Amino acid sequence: MKIPPLDLKRQYASIKDEIDSAIQNVLNHGGFVLGPEVKELEIKLAEYCETKNGIGVASGTDALLLSLMAVGIKPGDEVITSTFTFFATGGVISRLGARPVFVDIDPDTFNIDPVFVENAVTSKTRAIIPVHLYGQIAEMDEISALAKKHDIPIIEDAAQAVGSTYKGKKAGSFGLTGCFSFYPTKNLGGYGDGGFITTDDDETADLLRRLRLHGARPKYFHALVGINSRLDSMQAAALLVKLKHLPEWHEARRARAQYYDKMLSDIDQVKTPLVRDYNYHIYHQYTILAEKRDELREHLKSRDIGCEIYYPLPMHLQECFKNLGYKKGDMPAAEKAAGMAISIPIFPEMSAEEQDYVAETIREFYKT
Ligand SMILES: *Cc1c(COP(=O)(O)O)cnc(C)c1O
């Protein structure tokens, strides 16, 4: 048996007719960039996220970058975020010449610890970027309260959490903006790059719509400098098809996560994901903490089981951030997670036999 970490071919086979006709439709009308499908997606996905506005952009990274541009981040500013995240979250801060201030995580959820966030606030803090890692929302009550107290905007990195909820409220609806990615492997993934920003603030939405088109208004007149970050219509057409299936796909992932929880519960060397009871986790990843993680990874690979390490090196220890002066040991929870976390295959179309094989292969590894 060969099990990929995620099987996009199987997903395509299940929705082929709908996707093919949606793409064909774009080829017929010819409005390839920011066309009618993009406008429809902006309305429908904002509605799904329970926010007033949605803005299609070129990637999740750009969604973060544009959000920071919209709040006016500039050299000398500080932006607080998690050290345990995909590089984009930290990279966009540096690209604007600002200083990323990395903080440690709650070891149980892998999400930013609000206590560390509060301790990191200074007079230069201009934004906080909580990351909803693996599909579970960060502790937004505490983070929102401290952001409000210090009058600092929140930009949510919801790239892995489209449709997740926290106390009944959707990812992307807590911050000034919510940032999403349509990278093909995300729960709502396109057939190429794409991204999305949600916001309840009309002025911010308006500014973001300008910034994604080089700041123009009207066309060819520039009172501000933006970037080129547009969503194309073929992506939007495919995403509109997939959006209809998203709730059922989330449920299928959750059922498979529960099955893993049960199958792996008696293996002492493995810790299955902890979910806060007020969170609806969408399991973008099913990530376990495993003893002898690197050997386990080799073992799984030798048995044709796709797995990945998200993420092997926290941001504060990345070479490009050396100048920030962090050192090993500064963020013990993230460093420990980086050494023990491994994400095993999970996708809506995965069969029970495939899950049994993964669980048995893990069990076999620790017996030998
Ligand atoms: C995928 C991802 C991004 C970036 O999205 P792209 O569309 O690849 O640019 C940012 N943050 C997190 C946490 C992600 O998982």
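Going by the structure above, here's the rest.
The structure reproduced in this document is the subject of the present report. (Residues numbered from 1 in each chain as written. Predicted model: local features only at pLDDT ≥ 70, side-chain atom pairs only at ≥ 80, totals over all residues. Heavy atoms only, no water.)

### Observations regarding the pattern of salt bridges
For the record, the criterion: Any carboxyl oxygen of Asp or Glu that lies within 4 Å of a side-chain nitrogen of Lys or Arg is treated as forming a salt bridge with it. Helix and strand labels come from DSSP, where a helix needs a run of H or I of at least four residues and a strand needs a run of E of at least two; each type is numbered from the N terminus. Classification of residues uses two cut-offs on accessible area relative to the type maximum, computed with a 1.4 Å probe and protein chains only: under 20% is buried, over 50% is exposed, and between them is partly exposed.
As enumerated under the stated definition, the model contains 24 salt bridges in all. We note a salt bridge from Lys271 to Asp108, for which the minimum N-O separation is 3.9 Å. You can see Lys271 sitting in strand β10 (residues 270-271) and its partner Asp108 sitting in the loop between β3 (99-103) and α5 (114-120), a full 163 residues away along the chain. Accessibility expressed as a relative area gives 36% for Lys271, which makes it partly exposed. The exposure class of Asp108 is partly exposed, given its relative accessible area of 30%.

### Considering the sheet that holds strand β1 (residues 53-57)
Quick reminder of the rule: Whether two strands pair comes down to DSSP finding at least two bridges between them. For every element, the axis is a line fit to its C-alpha atoms; helices are fit only across the contacting stretch, and the angle between N-to-C directions ranges from 0 to 180 degrees. A contact between two residues is defined here by any heavy atoms of the two lying within 4.5 Å.
Taken in spatial order, the 4 strands make up an open sheet running β1-β9-β8-β5, and their pairing is mixed. Looking at strand neighbours, the two that pair on one side only are β1 and β5 (155-157), the edges of this open sheet. Averaged over neighbouring strand pairs, the angle between their axes works out to 20 degrees when direction is ignored. Strand contacts of helix α2 (residues 36-48): β1 and β9 (195-199), with the helix running at about 130 degrees to β1, the strand carrying the most contacts. Here helix α7 (residues 202-211) sits on the sheet in contact with β1, β8 (177-181) and β9, set at roughly 15 degrees to β1.

### Structural notes on the side chain of Thr81
This is how it is decided: N or O atoms within 3.5 Å of each other form a polar contact, as long as, within protein, one can give a hydrogen and the other can take it, and as long as residues adjacent in sequence are counted only when both atoms are side-chain atoms.
On the secondary structure map, Thr81 appears in strand β2 (residues 78-82). For Thr81, a relative accessible area of 0% gives the class buried. Separated by 2.7 Å, the side chain of Thr81 and the backbone oxygen of Ile129 make a polar contact. Those residues in contact with Thr81 that sit more than four places away from it in its chain are Thr89, Ile93, Val101, Phe102, Val103, Ile112, Ile129 and Val131.

### Quick notes on the sheet that holds strand β4 (residues 125-129)
Either a parallel or an antiparallel arrangement is found when strands of a sheet pair, and the pairing is made through backbone hydrogen bonds. Across the sheet, 3 strands lie side by side as β3-β2-β4; this open sheet has parallel pairing. Looking at which strands have only one partner, the edges of the open sheet turn out to be β3 and β4. Direction aside, neighbouring strands of the sheet carry axes that sit 25 degrees apart on average. Sheet topology places β2 next to β4; 4 bridges connect them, and they run parallel. Looking at the pairing, Glu78 lines up with Thr125 of β4.

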